[in-house]
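Descriptive structure summary
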Amino acid sequence: ALSQQYTLLYFGETQIDAQSGLNLVNADLQGPLAKLYDASNGTAYLIRPDLHIAGRWRNFDQNTLNAAMALAHLK
């Protein structure tokens with residue numbers, strides 16, 4: 001479920017930790033969202049509270065996520 005905060009929609013077999021203030025949603029790699037978003041293992045989407053996509057990565061990386069979060073908060 002999406003919320004009033006930034007959401008990381010993560011498709012992967014490996015569990016990741018969400019940083020504080022970030023809603024983490026682990027999505028099923030075999031589910032309809034994976035097909036809709038062309039997701040493979042490690043794909044991540046950063047979704048703003050207004051449901052716009054703020055970032056997309058084929059392979060999740062915490063440093064890249066931190067940079068995207070910093071940029072998103074400036075806008």
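This text goes with the structure placed above it.
Below, the structure is looked at part by part. If you're wondering where the values come from, they're calculated on a predicted model, not measured in any experiment.

**Remarks on the environment of Pro49**
When you line up the elements, Pro49 lands in the loop between β3 (43-47) and β4 (53-57). A sequence separation of 45 residues divides Pro49 from Gln4, and the C-alpha atoms of the two residues are 5.0 Å apart.

**Let's talk about the pairing of β4**
Bridge count between β3 and β4: four bridges; the pairing is antiparallel. Across the sheet, residue Ala44 finds its bridge partner in β4, namely Trp57. Connecting β3 to the antiparallel partner β4 that follows it, the hairpin turn spans five residues, and Leu51 within it adopts a positive phi of roughly 75°.

Conventions used here
- Residues numbered from 1 in each chain as written.
- Predicted model: local features only at pLDDT ≥ 70, side-chain atom pairs only at ≥ 80, totals over all residues.
- Heavy atoms only, no water.
- Helix = DSSP H or I, 4+ residues; strand = E, 2+ residues; numbered from the N terminus.
- Pairing = 2+ DSSP bridges.

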